[in-house]
Amino acid sequence: MSTTGISAKNVVPANGEHPVEYRRVYVWEMPVRAYHWINAIALVALCITGYLIGAPIRAFYASEAYQQYWFGWVRFIHFFCAYVYVFNFLARLYWGFVGNKYAKWNNFFPLTKAQRQEIVDVIKTDVLQTKLHGAISTGHNSLAAFIYFLTFLAFVAQSVTGFALYSSMSNSFIPRMFTWIVPLMGGEMGVRYWHHLLLWFFVGFIIVHIYLSFYHDYIEGRGTISSIVGGWKFEREKSEEPGTRD
């Protein structure tokens, strides 16, 4: 499925300009949407449990030993979500080669002049706010896509350091693959430091990601939030977009 035309002739802009027709475009395929939500749940759980592992709290007290295993559950949830996180990411890597044009890996690298110009325009609009609005992308804009690529690299670094820490207490195949990381980074303290530092990177990323998603949904009005649930966005039927104003 690619596009489905939907008439919007009765939609009249508030400023009285000529009505603009839109069409519905299938942007985010089911595997991309599944990756997003599985990753979101796993990442939030990892951040919360990771923080508790790094700074345990004495929030529970009980006289019976079986009632004091809450920290064991925290560690179990962290390790379980780590495996979900890694295999979900591997599935997304695969879909970057076989998915539709909005999921392809070439979207994540600013290889063309148009992509690099769009990065500048988005910075002016979203960060510096020296433009009221810029060009509207149907998929990820070039700046968001490049930041997602950097986030993928952070995913890899967080997974490597996490499994390296886990390797000292597990004989499983995957953690044991990363035992060499510990001496390379100067011992467990160094690995733990970078693993904890990346935790705050992801906390910041989650906050900014949610804010910008609602921000673009509001200023563009093309289904940014609902698209990650149903997969559909809206774009103008006419090829020309309104010009930007400095």
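Presented here is a report on the structure given in the accompanying data block.

1. Examining the nonpolar core
Here is step 1 of the chain: Y85, F108, F152, F155, A164, V191 and F202 are the most contacted members of the largest nonpolar core, which has 32 residues in total.
Here is step 2 of the chain: Of all the elements in the fold, those that place two or more residues in this core are α1 (30–54), α2 (70–98), α4 (142–166), α6 (181–184) and α7 (188–220).
Here is step 3 of the chain: The leading source of residues in this core is α4, at 10 residues.
Here is step 4 of the chain: Once residues within four sequence positions are removed from consideration, F155 is found in contact with Y35, N39, Y85, F89 and F202.
Here is step 5 of the chain: Grouped together as the second largest cluster of nonpolar side chains are 8 residues, V25, W28, V32 and A103 included.

2. Section: α1
Here is step 1 of the chain: With 25 residues, α1 should reach 36 Å at 1.5 Å per residue; the first-to-last C-alpha distance of 35 Å fits that figure.
Here is step 2 of the chain: Of all the positions in α1, only V32, R33, Y35, N39, A42, L43, A45, L46, C47, T49, G50 and L52 are classed as buried.

3. Regarding the packing of aromatic side chains
Here is step 1 of the chain: The full count for this structure, using the stated rule, is 23 aromatic pairs.
Here is step 2 of the chain: For the pair F89 and F155, a centre-to-centre distance of 5.7 Å together with 90 degrees between the ring planes defines the contact as edge-to-face. Residue F89 is found in helix α2, and its partner F155 is found in helix α4; the two are separated by 66 residues along the sequence. Like F89, the residue F155 is buried in the burial classification.
Here is step 3 of the chain: Ring plane angle 80 degrees and centroid distance 5.4 Å describe the contact between W105 and F152, whose orientation is recorded as edge-to-face.

4. Some words on the side chain of N39
Here is step 1 of the chain: One can find N39 in helix α1.
Here is step 2 of the chain: N39 has contacts with Y85, N88 and F155, leaving out every residue within four places of it along the chain.

The rules behind these values
- Residues numbered from 1 in each chain as written.
- Predicted model: local features only at pLDDT ≥ 70, side-chain atom pairs only at ≥ 80, totals over all residues.
- Heavy atoms only, no water.
- Core = buried A, V, L, I, M, F, W, Y, C linked by side-chain atoms within 4.5 Å.
- Buried < 20%, exposed > 50% of the residue type's maximum accessible area, 1.4 Å probe, protein only.
- Helix = DSSP H or I, 4+ residues; strand = E, 2+ residues; numbered from the N terminus.
- Contact = heavy atoms within 4.5 Å.
- Expected span 1.5 Å × (residues − 1).
- Phe/Tyr/Trp six-rings, centres within 6.5 Å; stacked < 30°, edge-to-face > 60°.

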